[in-house]
Amino acid sequence: MTRQQLSAIICNIDDRHIAEAIVYQPEEAFSSRQKISPIRKKRIATLALAAVLILSLGIVAYAANLFGLRELYSNPNRGDMPDEAADLIVSQSAKTEGTGWSARVLETFCDEGTVLVTVQVSADSQYLVVPIDEDPNSPLWTIGLPGEGTLGDYARREGKTLLFAEAVLDGEALGLTTAGMNFESISPREMVICFEGTRKGGASAPVETNCTVVVVTWSPEAQNADSALPERCELPITLVEGKSTPLGTYIPTDPHSLPGFELGKLILTQTPLGISLQLQMHVIDEEKAETLLTLRLDGVEFHGSGSIDPNGYAIFGQGQGDFGENPIIRFYDWDKQLIGEIVFQKSSEP
């Protein structure tokens, strides 16, 4: 039985407690300031019975790898992880302990366009483990508990402390342009974080880096929910980039046909998770450039997070489809109106 099947069975018990999946599209998170920020988050809520089932069947769940990276990657938009990519998943062993909590890296994946890391956070009985983007006013279903109250209400009633957790990777070392997290509650005291980052690409040699787990606690006695200092623990990991295949380097037939920009080379690469796009850009008119929201490559749908650095690169990953002999990129403004359409021709230069 897969994690999705188990979740479907549990969620059919009572529709009142089914949480909506929240998906932030790249165009909605685009900013003219280049930064690494969470842009896509998904959460699956479960019932009280779900927590009981997971706790009682914990060994079975782990044996079936219900919270494995391959399972957590899959969703209705992009489907299952390709077998070629799944073969590159690496089991990790790094562990760390904080004050009343512990964390360990479960699995990692890395290719030229994407980094995936799963981390399990567990805590002592006095804690409730909560995604970092929640707060004491969040509903109980965010960590799989029933009822109409909030996390803060539950903490007061049960004498618990909320432990907000996230996982962070070194964006500079890995060439990350955007990043996000999915959170899956195993039980009120255990949570798996699936970190997903989009890369500009880098060397294929192993990268020695750290996955930093950050936690912040909140207790009912706290006067200010923001007063607690974060606690950080680092877990060393080694990432080895999976093999990618260059699909071609292309040049725009008219590099100035997008208002406010001069466009450079388009580099398309086939990675284990799909097509990766990198488009060189340079702003020549700030006011006109600010109208740009996002882009589309004809024939290809990108399922990874994307980013646009107006004075650097537009980077999108995990694309599926066929862009043809002469790729066409369409550009859209904040009203989703077409503002530019450019044909690219293959270059003889790398």
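Just above, that's the structure.
Just so it is clear, the structure is predicted and the values come from calculations on it, not from any experiment.

1. Some thoughts on the overall build of the protein chain
Secondary structure assignment for the protein chain yields 9 helices and 19 strands. Counting only residues that meet the buried cut, the protein chain has 52% of its 350 residues in that class. Sequence separation of 24 or more characterises 64% of the internal contacts of the protein chain that already satisfy a separation of 6 or more. Within the structure as shown, the protein chain displays about 16400 Å² of accessible surface, and the carbon and sulfur contribution to it stands at 49%.

2. With respect to the pattern of salt bridges
Pairing is possible between side chains that carry opposite charge, provided their charged atoms lie close to one another. Tallied over the entire structure, the rule returns 7 salt bridges. Residues D83 and R70 are paired through a salt bridge, measuring 2.4 Å at the closest nitrogen-oxygen approach. Placement of the pair is D83 in helix 6 (residues 83-86) and R70 in helix 5 (residues 69-73), with a sequence separation of 13 residues. Across the pair E158 and R157 runs a salt bridge whose closest N-O atoms are separated by 3.9 Å. By relative accessible area, which is 41% here, E158 ends up partly exposed.

3. Some remarks on the pairing of strand 5 (residues 127-131)
Regular strands show a simple pattern: their side chains alternate between the two faces of the sheet. With 5 of its 5 residues buried, strand 5 lies for the most part within the structure. Neither face of strand 5 is left uncovered, since the one carrying Y127, V129 and P131 and the one carrying L128 and V130 both have all their residues buried. Sheet topology note: the strand 5/strand 6 (residues 161-169) ladder contains 5 bridges and is parallel. Along strand 6, the bridge assignment pairs V129 with L163.

4. Focus on the packing of aromatic side chains
By the definition in use, this model includes 2 aromatic pairs. Taking 6.2 Å as the distance between ring centres and 85° as the angle between the ring planes, the aromatic pair formed by Y250 and F323 counts as edge-to-face. With a gap of 73 residues between them, Y250 in strand 11 (residues 245-252) and F323 in the loop between strand 17 (313-321) and strand 18 (328-333) connect regions that are remote in the sequence. This pair shows no difference in class: Y250 is buried, exactly as F323 is.

5. Focus: helix 7 (residues 151-158)
Those residues of helix 7 not exposed but buried are L151, G152, Y154 and A155. End-on, the buried residues of helix 7 take up no more than an arc of 160°, which puts them together on one face. The elements touched by buried residues of helix 7 are strand 5, strand 6 and strand 9 (207-218). With its phi angle positive at about 70°, G159 sits one or two positions after the end of helix 7.

6. Some thoughts on the sheet that holds strand 5
Reading across the sheet, the 4 strands line up as 5-6-9-10 and stay open at both edges, with mixed pairing between neighbours. Of all strands in the sheet, those bounded by a partner on one side alone are strand 5 and strand 10 (231-239). Taking the axes of each pair of neighbouring strands and ignoring which way they run, one obtains an average angle of 30° across the sheet.

7. Examining the nonpolar core
Core analysis: the biggest nonpolar cluster contains 32 residues, and W101, V117, V119 and V121 have the highest contact counts within it. Secondary-structure elements contributing two or more residues to this core are strand 3 (101-110), strand 4 (114-123), strand 5, strand 6, strand 7 (176-187), strand 8 (190-199), strand 9 and strand 10. With 5 residues, strand 4 is the single largest residue contributor to this core. The residues touching V121, leaving out its near neighbours within four places in the chain, are W101, S102, A103, V129, L163, A165, R189, E190, M191, I193 and V213. Counting residues in hydrophobic clusters, the runner-up holds 25 residues, among them F261, L263, L292 and I308.

8. What to know about the environment of G248
With respect to the helices and strands, G248 occurs in strand 11. Once you skip the residues sitting within four places of it in the chain, G248 turns out to touch L266, I267, L268 and K346.

Rules used in this analysis
Residues numbered from 1 in each chain as written. Predicted model: local features only at pLDDT ≥ 70, side-chain atom pairs only at ≥ 80, totals over all residues. Heavy atoms only, no water. Helix = DSSP H or I, 4+ residues; strand = E, 2+ residues; numbered from the N terminus. Buried < 20%, exposed > 50% of the residue type's maximum accessible area, 1.4 Å probe, protein only. Contact = heavy atoms within 4.5 Å. Areas by Shrake-Rupley, 256 points an atom, 1.4 Å probe, with all protein chains shown as cover. Salt bridge = Lys/Arg side-chain N within 4 Å of Asp/Glu carboxyl O. Pairing = 2+ DSSP bridges. Phe/Tyr/Trp six-rings, centres within 6.5 Å; stacked < 30°, edge-to-face > 60°. Arc of directions from axis to C-beta. Axes fitted to C-alpha atoms, helices over the stretch in contact; angles between N-to-C directions. Core = buried A, V, L, I, M, F, W, Y, C linked by side-chain atoms within 4.5 Å.

Any functional reading would require information beyond the geometric quantities listed.
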